[in-house]
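Residue-level listing of the chains:
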Amino acid sequence: MSSPQKISMVRILVMLASAASLAICLIAPMLFLLGRLNEGSYKASLLAGSVGWFLGAAVLAFGKSKTEAAAKT
Amino acid sequence: MCKDHPDLRNNPMPKWLTRFVTEMDNLYEYDREPVVPAQFKPASQFVGLFAGEHVAGTEFVIGAFFVLHGVSFSNLIEGLLIGNLLAVLSWTFVCAPIATRTRLTLYWYLQKIAGPGLTAVYNIANAILFCILGGAMVAVSATAIGLALGIATPKLTDVLPNSLGWIILTCLIGLAFLVLAILGFEKLSKFGEACSPWIFVVFIAGALATFPKLGIHPNFSNFVEIARSKIWNGIPNPGQEQYGLSHIIFFAWFCNLASHIGLSDMALFRYARHWAYGLYSAFGMYPGHMLAWICSGIMVAGVNRQMDPGRMAFEAAGIAGCLAVVLASWTTANPTLYRAGLAIQCVTPNWPRWRATLIAGLLTTILSCFPLFVMKLLDYVAIYGLVLMPIGAIVIAEHWLFPLLGIEQYRTETRGRFINWKALVVWVGTLAICFFLPIHLFFRWLPGCLIAISAYTLWNRIAPGAGKESEA
């Protein structure tokens, strides 16, 4: 697999991971509402999902700026 | 700044800085010239921009205040539906058509109509108002960080800082926001864009997680009953004024008055392919404002109707909630500081951007110490829109009514005048009349807008020659 294909593959995976993290942030309060999670677990899941989202967003933003810089040069 | 900028001629600068300044010059030149079709943006960018821009830290306060002001559930829903629709229509039929016809920012279009003198006055007013808004954002985030440090949030009735801890905290946060705004506005804006969907999700998560505390069943079967009895129960908190349907309609409408009727969003819509792109503002009003205000209302009910955004978010969503309050405030304060800096820069003699932003940030930091601006946020939002509205009304009159009535447009520009005194008098006069109008603050802008449009048009219609004597 060539390098640009690799980059786009990684980007897709990171995007999926970010979307999954955001989904965790939504699913956790629903499970808490349904009584399937206690308050502590809900808040911890929300925090974990948030961290995942920001990590993914940072990787995507960083990757994008690197790709843009490479394209310029 | 331009390519003949004195700093560039007299001070030898490193290459990277020269390149930076040239790039900035290019950006300014872009603003000065009408946008050309090649630069038009697709609809999806407008959707994203509106959806992201209208979920800010202040949303935690606004929705909560509706509960504290004793808004009933039906009034809230009807008021938000109607008010937000009026806001969308204002963007679509007032702001976007002028922007797509002129392809200019309000700043440059105002120069043609009101002259550089009045544009400078407008910029100063805008900068001060931006700083106050930024101060409110800093104060909102201070409630979240203060929670961790054990610093009490000021009371609803507080005007002055209630403790040394609050002053130190707001100053530190204000300075941190300022440093970040100076160091990397562009990059941080991109980070802000990444924050938007997450902040939106935290609002929903916080509201959902508050449901069990309020006794709402997982199948939502008793949601309306609980909403009517425990959240928007129509009973204001002690000392708070009762708000009804008309208050909510008008608040939702004028919440972004400076952007739509005040025309500052011309900067955005000049990139639109068609004026109907104004309808995309609905993505900011309905999933943005409406949902966020409802969610924050639910969250404040979960903390016994105490106005403390930090505690409210922490109780509902834990550390992620506090983080959301801080990030939602900061992502809005960052462009606010930038815009305030830009407004100051336009009226200063070749000040670099960082220095103008520094002044704006210091003013914001000082103002953030005063709880008045966050505890009276709804009134401040009304005043903010009201102050800038007459300028939008003047531009609307000159753009649409002058050609219809055969009045010469852009006389200030064609005659090379520094200031359009008629516009200044109409602006100040409208505000004076609005001040004395015997109606609630929320409703004053509408008659004020009609007064400004009629007065400016009539004055130019009946005394077209008067301009020679009255205008410098």
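You'll find the structure just up there.
Report follows, based on the coordinates. Owing to the predicted nature of the structure, the values given are computational and were not obtained by experimental measurement.

Focus: the overall build of chain B
- When helices and strands are counted, chain B shows 19 helices and zero strands.
- When each of the 472 residues of chain B is scored for burial, the buried share is 52%.

Details of the nonpolar core
- Ranked by size, the top nonpolar core spans 169 residues in total, and within it Ile199(B), Val202(B), Ala205(B), Ala313(B), Ala324(B) and Ile394(B) carry the most contacts.
- If we ignore the near neighbours within four places in the chain, the residues touching Ala205(B) are Cys25(A), Leu26(A), Ala28(A), Pro29(A), Leu46(A) and Ala317(B).

So, the packing of helix H5 (residues 73-102) of chain B against helix H11 (residues 282-301) of chain B
Residues and elements named next belong to chain B.
- Two numbers describe how H5 lies on H11: the axes approach to 9 Å, and their chain directions differ by 150°. Between H5 and H11, the angle falls in the class roughly antiparallel. Considering the relative orientation of H5 and H11, their crossing is right-handed. Across the interface between the two elements, Leu80, Asn84, Ala87 and Val88 of H5 pack against Ala282, Met285, Tyr286, His289, Met290 and Trp293 of H11.
- By residue class, the composition of the contact of H5 with H11 is eight nonpolar, two polar and no charged.

Considerations on the environment of Met299(B)
Residue and element names in this part refer to chain B.
- Within the secondary structure, Met299 is located in helix H11.
- The exposure class of Met299 is buried, given the 28 C-beta atoms found within 10 Å.
- Put simply, Met299 and Thr210 are 89 residues apart on the chain and 6.1 Å apart in space, counted from C-alpha to C-alpha.
- Ignoring any residue separated from it by four or fewer positions in sequence, one finds Met299 in contact with Gly206, Ala207, Thr210, Met312, Ala313 and Ala316.

Looking at unusual backbone geometry
Residues and elements named next belong to chain B.
- Positive phi values are uncommon outside glycine, yet Arg103 reaches one of about 60°.
- The residue Arg103 is located in the loop between H5 and helix H6 (106-149) in this model.
- The backbone phi angle of Leu263 is positive, close to 70°, even though this residue is not glycine.
- Structurally, Leu263 is set in the loop between helix H9 (245-254) and helix H10 (266-269).

Re the packing of helix H4 (residues 58-68) of chain B against H6(B)
Residues and elements named next belong to chain B.
- At a minimum axis separation of 9 Å, H4 and H6 run at an interaxial angle of 85°. The orientation of H4 with respect to H6, classified from their angle, is roughly perpendicular. Residues Thr58, Phe60 and Val61 of H4 lie in contact with H6, whose contacting residues are Ala136, Met137 and Val140.
- When its residues are assigned to classes, the contact of H4 with H6 shows five nonpolar, one polar and no charged.

Describing the interface of chain A and chain B
- Of the residues lining the interface, 18 residues belong to chain A; the matching set on chain B comes to 19 residues.
- Looking at the side of chain A that touches chain B residue by residue, the classes come out as 15 nonpolar, two polar and one charged.

Conventions adopted
Residues numbered from 1 in each chain as written. Chains lettered and ligands numbered in written order. Predicted model: local features only at pLDDT ≥ 70, side-chain atom pairs only at ≥ 80, totals over all residues. Helix = DSSP H or I, 4+ residues; strand = E, 2+ residues; numbered from the N terminus. Buried ≥ 20, exposed ≤ 12 C-beta atoms within 10 Å, placed from the backbone. Core = buried A, V, L, I, M, F, W, Y, C linked by C-beta atoms within 7 Å. Contact = placed C-beta atoms within 7 Å. Axes fitted to C-alpha atoms, helices over the stretch in contact; angles between N-to-C directions. Parallel < 35°, antiparallel > 145°, perpendicular 65-115°, else oblique. Left-handed = near helix turned anticlockwise from the far one by under 90°. Nonpolar A, V, L, I, M, F, W, Y, C, P; charged D, E, K, R; others polar.

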